[in-house]
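Fold and contact review
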Amino acid sequence: MAKVIAVANQKGGVGKTTTTVNLTSALGALGKRCLLVDVDPQGNATSGVGVSKRDSIISTYELLVGIAQPQDAVQHTEFNNVDVLPSGIRLAGAEIEMVDINRRESRLTAVLAAFRDSYDFIMIDCPPSLGLLTLNALCAADTLIVPIQCEYYALEGLSQLMSTVRQIKRLYNAELDIEGVLLTMYDGRMNLTQQVVNEVKKFFPRKVFSTAIPRNVRLAEAPSFGRPINYYDPGSRGAVAYNELAEEIVQRRAKE
């Protein structure tokens, strides 16, 4: 039975898609069968694993509005144990079209039910907002990873995210839990970094991953080549960090 993990933060530029793509690939490299689910209309997670957003005939849009079967949308990638449910710009209109659909917050839950027995991990890349697409992701997820950049405005908006998570637990998904908070763009040489780390640990006691993702040029380059970092530059600091994060998550999963 797959564990479904959403990667969400309504604040943009925190490394959300970078984390979804590279963590999924690192888990796949550890032999875990992974499905990457892209529910961001920008489709960056889709292109990040080498799948063209333009060539995706069936995407998460068609699945959420109910005009295609889940199995028809799955695309295999060249990377070990990584499949993808792609996204594209059509998804931008889904929130409006889903307004009148019954149980609209549970559309993704129903879609992913078809895949739970086929994968070890299902990773959902959310848009940088708290709209209906992110609501669907959090309703479908078992746990949530919150990437937070080690910069001045790190905690901005997080109280709103946590309020949304509490509402979802109360109304739709009582089992939703925080998998962990991931520190990104980490630079241990800067005093500000340590200040942010201390603040985040106060805000999320016992929820911060041991692994932090460093600032790394190779991480920024990899998406333009459509390759996760552990394939683009396996020796880079970014690749090492995501491999360690994957191992951390697998160890947690083994204890459940």
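Here's a quick rundown of the structure. Predicted model, so just to flag it, every value in this text is computed and none were measured.

**So, the sheet that holds strand β4 (residues 82-85)**
- Strand order in this open sheet of 7 strands is β3-β4-β2-β5-β1-β6-β7, and the pairing throughout is mixed. With partners counted over all chains shown, the strands left at the sheet margins are β3 (75-76) and β7 (177-184), one partner each.
- Looking at chain direction, β3 and β4 are connected through 2 bridges and run antiparallel. The partner of His-76 across the bridge, within β4, is Asp-83.
- Running over the sheet, helix α7 (residues 132-140) touches β1 (3-7), β5 (121-125) and β6 (143-149) and is turned about 150° from β1.
- Along the sheet face, helix α12 (residues 237-255) touches β1, β5, β6 and β7 and points at about 165° away from the line of β7.

**Considerations on the packing of aromatic side chains**
- Scanning the entire structure with this criterion turns up 5 aromatic pairs.
- Consider the rings of Phe-79 and Tyr-231, whose centres lie 4.8 Å apart with planes at 50°: the pair is tilted. Of the two residues, Phe-79 sits in the loop between β3 and β4 while Tyr-231 sits in helix α11 (residues 229-232), which places them 152 residues apart along the sequence.
- For Tyr-231, a relative accessible area of 24% gives the class partly exposed.

**Details of unusual backbone geometry**
- Within the chain, Asn-81 stands out as a residue other than glycine whose phi angle is a positive 60°.
- Tracing the backbone shows Asn-81 in the loop between β3 and β4.
- One non-glycine residue, Arg-206, adopts positive backbone phi at about 65°.
- By the element assignment, Arg-206 lies in the loop between α9 (191-203) and α10 (217-221).

**Section: the environment of Leu-63**
- Checked against the element boundaries, Leu-63 lands in helix α3 (residues 60-64).
- For the pair Leu-63 and Leu-112, spaced 49 residues apart in sequence, the C-alpha to C-alpha distance is 9.9 Å.
- If near-sequence neighbours (up to four positions away) are discounted, Leu-63 is found in contact with Ala-68, Gln-69, Pro-70, Ala-73, Leu-85 and Val-111.

**A look at the pairing of β6**
- Burial of β6 is extensive: 7 of the 7 residues sit out of reach of the surface.
- Of the two faces of β6, the one carrying Thr-143, Ile-145, Pro-147 and Gln-149 and the one carrying Leu-144, Val-146 and Ile-148 are both buried.
- For β6 and β7, the ladder comprises 7 bridges, and the chain directions are parallel. Residue Leu-144 lies in a different strand from β7, and its bridge partner there is Ile-178.
- Handedness of the crossover is the feature at issue here: the chain leaves β6, passes through helix α8 (residues 158-171), returns alongside β7, and the resulting connection is right-handed.

**Description of the packing of helix α1 (residues 16-29) against α12**
- Close contact between α1 and α12 brings their axes to 8 Å; oriented N to C, the two are set at 70°. The pairing of α1 with α12 is recorded here as roughly perpendicular in orientation. Crossing angle aside, the handedness with which α1 passes α12 is right-handed. Residue-level contacts link Thr-18, Thr-19, Asn-22, Leu-23, Ala-26 and Leu-27 of α1 to Tyr-242, Asn-243, Leu-245, Ala-246, Ile-249 and Val-250 of α12.
- A per-class count over the contact of α1 with α12 returns 8 nonpolar, 4 polar and no charged.

**Brief notes about α7**
- Counting buried positions over the 9 residues of α7 gives 8, a clear majority of the element.
- All of the buried residues along α7 are Leu-132, Leu-133, Thr-134, Asn-136, Ala-137, Leu-138, Cys-139 and Ala-140.

**Here we look at the nonpolar core**
- Counting residues in each nonpolar core, the largest one holds 53 residues, and the members touching the most others are Val-37, Leu-85, Leu-108, Leu-112, Phe-115, Ile-122 and Ile-124.
- For this core, the element with the highest residue contribution is α7, accounting for 6 residues.
- Counting 22 residues, the second-largest nonpolar core is a separate cluster that includes Leu-27, Cys-34, Ala-239 and Leu-245.

**Some points on the pattern of salt bridges**
- Applying the stated rule across the entire model yields 14 salt bridges.
- Between Arg-189 and Asp-187 there is a salt bridge; the shortest N-O distance is 3.0 Å.
- One connected set of salt bridges, linked through shared partners, spans Lys-16, Asp-40 and Asp-125.

Rules used in this analysis
Residues numbered from 1 in each chain as written. Predicted model: local features only at pLDDT ≥ 70, side-chain atom pairs only at ≥ 80, totals over all residues. Heavy atoms only, no water. Pairing = 2+ DSSP bridges. Helix = DSSP H or I, 4+ residues; strand = E, 2+ residues; numbered from the N terminus. Contact = heavy atoms within 4.5 Å. Axes fitted to C-alpha atoms, helices over the stretch in contact; angles between N-to-C directions. Phe/Tyr/Trp six-rings, centres within 6.5 Å; stacked < 30°, edge-to-face > 60°. Buried < 20%, exposed > 50% of the residue type's maximum accessible area, 1.4 Å probe, protein only. Right-handed = clockwise from strand over helix to strand, strands pointing away. Parallel < 35°, antiparallel > 145°, perpendicular 65-115°, else oblique. Left-handed = near helix turned anticlockwise from the far one by under 90°. Nonpolar A, V, L, I, M, F, W, Y, C, P; charged D, E, K, R; others polar. Core = buried A, V, L, I, M, F, W, Y, C linked by side-chain atoms within 4.5 Å. Salt bridge = Lys/Arg side-chain N within 4 Å of Asp/Glu carboxyl O.

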